[in-house]
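Remarks on the overall topology
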Amino acid sequence: MHSLDRVDLQLLRALCVEPRSTFVALAQRLGLSRNTVQARMARLEESNAFLAFDRRINPIALGHPLTAFIQVHLQQKRLSQIVAELTQIPEIVQAHGMSGSTDLLVLVVCTDADDLFRIDGTILACEGVDRTETSLAMGELIPYRITPLLDRVTRERGPANRVDVDIDDEA
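Values in this document were obtained by computation on a predicted structure and should not be read as measured data.

**Details of the pairing of strand β4 (residues 104-110)**
- Taken across its seven residues, β4 has six buried, putting it largely inside the fold.
- Where strand β2 (residues 66-74) meets β4, seven bridges bridge the pair, whose relative direction is antiparallel. When the bridges of β4 are listed, Gln 71 appears paired with Leu 105.
- Sheet analysis places strand β3 (residues 92-97) next to β4, joined by five bridges and oriented antiparallel. Its bridge partner being in β4, Gln 94 is matched across the sheet by Leu 107.
- With antiparallel pairing between neighbouring strands as the criterion, β3 and β4 make up a hairpin whose turn holds six residues, including Gly 100 at a positive phi of roughly 90°.

What follows is the structure, encoded as structure tokens:
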């Protein structure tokens, strides 16, 4: 577990505003020494506070303008085998295990409807997958964002309080 203090939160907020900031630019912006920024950034990185860079690459630039959500219903005893097979499908950019009637929610990107049909068929061909339900995203209305949450946590915790965060090892 890594505790975030006000300085850590300020660094994260500054990076949300300008992700390409150098340590020197961050230090100047926040009124800190470059060494402090460098040490803090190293600690944040070691604790997996940052997501992988590939989350910033737009699949449209790769020729995959469509996004779909596929609900996968499967045999639970085959979950790990199915997940291993799904990781071999490049168009699957994310998948979550779910509670409720759906076992997996899979986020896919595709070139067109025919490509989506092919991807869905590949998922259905995995042994242990019973059925899928596919929904095409009509548009991203709220893009991935963390800044509003970061601002709220900063306001709620105040200047002296630390925020205890359990950061997952899988960045």
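The structure having been displayed, the exposition proceeds.
**Examining the side chain of His 73**
- Assignment of secondary structure puts His 73 in strand β2.
- Look at His 73 and you get buried, because its relative accessible area is 7%.
- Polar side-chain contacts of His 73 include one of 3.0 Å to the backbone oxygen of Ser 101.
- Engagement of the side chain of His 73 in a polar contact is seen with the side chain of Glu 133, the distance being 3.1 Å.
- In contact with His 73, other than residues within four places in its own chain, are Ser 101, Thr 102, Asp 103, Val 129, Asp 130, Arg 131 and Glu 133.

What counts and what doesn't
Residues numbered from 1 in each chain as written. Predicted model: local features only at pLDDT ≥ 70, side-chain atom pairs only at ≥ 80, totals over all residues. Heavy atoms only, no water. Buried < 20%, exposed > 50% of the residue type's maximum accessible area, 1.4 Å probe, protein only. Helix = DSSP H or I, 4+ residues; strand = E, 2+ residues; numbered from the N terminus. Pairing = 2+ DSSP bridges. Polar contact = N/O pair within 3.5 Å; in protein donor to acceptor, adjacent residues only side chain to side chain. Contact = heavy atoms within 4.5 Å.

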